[in-house]
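Commentary on secondary and tertiary structure
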Amino acid sequence: MLAMICGDSTLWKPSWKTPLTALAMTKVCAPILEKDGLGAVLSMIVGPDDTVGEAMTADKRLPVISATGSCRMGAHVAAKVAGRFGSTILELGGNNAVIVLEDADLEMAARAIMFGGVGTAGQRCTSTRRVLVQKGVREQLVERLKTMYAGVRIGHPLDENVLMGPLIDQDAVDNVLKSIETVKEMGGEILCGGEQVYPEGCANGFYMTPAIATAQNEWSVVQNETFGPLMYIIDIDDLDHALKIHNDVPQGLSSAIFTLNMRHAEKFLSVVGSDCGISNVNIGTSGAEIGGAFGGEKETGGGRESGSDAWKAYMRRQTNTINYSTELPLAQGVSFDVD
């Protein structure tokens, strides 16, 4: 809605798989806008496949395209819109990591990691994908996470006793299961979870147990985000080692470090630290970004969807010069006399 605040007419296209929230919000806004004769300021369009999105990216009447989705989708949108000299604001994939050092509050770290990995069934751009844990506390942290994961209640999301709901569809489940098989083939170990399940009363849903696996950062399956409840444990020696691994992925959205050492925290936030658009200390990768400049670097797109100056992307800049004198001033004081 930032575009509307800037005075722009907005055409909103949600994913064709999840249109109901967008429909509801459009209906909330409609009577307010219509009361002031502004009904056409906010419009919504949805289609059963990629046809609508393709038409929007190609249409010169849409000078700015703000897109949220995968890195693959963003690369396609950016190229197509740039080809017609339009502008893009991209919020794409995240391969978000939490660094846990030996001086961390491990219980706080474990709770933040669990929320980042299990919340919304791991289907959030800021979900925790990688846990880079110092070897001295690795076993303790992993055992605590396994205990917490074993207690996750899976089922209908409207049941107040349920902690984790379904994935979006069977393709999403299959993608996670495929990644799990790839991890096994490459020598990783599944520490817990990773099975498709059918909770009571949810036989037609797309549910699975959240998984924790050991992995190496350079594996292709780790380098490419799996959008679901699959999290990797990666051993690190010290902070320098952690930062090297942390930054060695194509994406750069959200990041976090758990440490009680101020120097470690400051280094993580410095120019030699996290290369992400969001960097947190003693709080997880997901859930602390409200009100901040939301977005990332590298293949995450570089755009910002909120924060103090994100509105500028939805505005056009115009330079105005008004001459109130009786003479014609020239730039840089140039003298250009003619008879």
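The rules behind the values
- Residues numbered from 1 in each chain as written.
- Predicted model: local features only at pLDDT ≥ 70, side-chain atom pairs only at ≥ 80, totals over all residues.
- Heavy atoms only, no water.
- Salt bridge = Lys/Arg side-chain N within 4 Å of Asp/Glu carboxyl O.
- Helix = DSSP H or I, 4+ residues; strand = E, 2+ residues; numbered from the N terminus.
- Expected span 1.5 Å × (residues − 1).
- Contact = heavy atoms within 4.5 Å.
- Polar contact = N/O pair within 3.5 Å; in protein donor to acceptor, adjacent residues only side chain to side chain.
- Axes fitted to C-alpha atoms, helices over the stretch in contact; angles between N-to-C directions.
- Parallel < 35°, antiparallel > 145°, perpendicular 65-115°, else oblique.
- Left-handed = near helix turned anticlockwise from the far one by under 90°.
- Nonpolar A, V, L, I, M, F, W, Y, C, P; charged D, E, K, R; others polar.
- 1 Å grid on protein atoms, 1.4 Å probe; cavity = no way out; pocket = protein on both sides within 12 Å on 5 of 7 lines; lining within 4 Å.
- Points joined across faces, edges and corners; volume = space filled by probe spheres on them.
- Buried < 20%, exposed > 50% of the residue type's maximum accessible area, 1.4 Å probe, protein only.

1. Observations concerning the pattern of salt bridges
Under the counting rule described, the total for this entry stands at 13 salt bridges. The residue lysine 17 makes a salt bridge to aspartate 169 at a minimum N-O spacing of 2.7 Å. Residue lysine 17 is located in the loop between strand S1 (10-12) and helix H2 (20-35), and its partner aspartate 169 is located in the loop between helix H6 (135-150) and helix H7 (170-185); the two are separated by 152 residues in the primary sequence. In this structure, a network of salt bridges that share partners links the residues Glu107, Arg111 and Arg144.

2. Focus on helix H5 (residues 106-118)
With 13 residues, H5 should cover 18 Å at 1.5 Å per step; its first-to-last C-alpha distance of 18 Å lies within 8% of that length. Where H5 is buried, its residues touch strand S5 (96-100), strand S6 (128-134), H6, strand S11 (230-236) and strand S13 (254-258). The opening residue of H5 is aspartate 105, an N-cap whose side-chain oxygen sits 3.3 Å from the backbone nitrogen of glutamate 107. Remark: threonine 120 follows H5 within two positions and exhibits a positive phi of approximately 50°.

3. A word on the packing of helix H9 (residues 239-247) against helix H10 (residues 262-269)
One way to put it is that H9 packs onto H10 with a least axis distance of 11 Å and a crossing angle of 25°. Considering the angle they form, H9 stands roughly parallel to H10. Relative to H10, the crossing made by H9 is right-handed. On H10, the residues that touch Leu239, Asp240, Leu243 and His246 of H9 are His264, Lys267 and Phe268. Split into classes, the residues belonging to the contact of H9 with H10 amount to three nonpolar, two polar and two charged.

4. Brief notes about the layout of surface pockets
Taking a probe equal in size to a water molecule and rolling it over the atoms shows the remaining empty space. The calculated volume of the second largest pocket comes to roughly 230 Å³. Its residues assigned to classes, the lining of the second largest pocket shows eight nonpolar, four polar and two charged.

5. Concerning unusual backbone geometry
Positive phi values are uncommon outside glycine, yet phenylalanine 85 reaches one of about 65°. Phenylalanine 85 sits in the exposed class, given a relative accessible area of 79%. Positive phi outside glycine occurs at lysine 298, with the angle close to 55°. Of note, lysine 298 is situated in strand S15 (residues 297-298). What makes lysine 298 partly exposed here is its relative accessible area of 36%.

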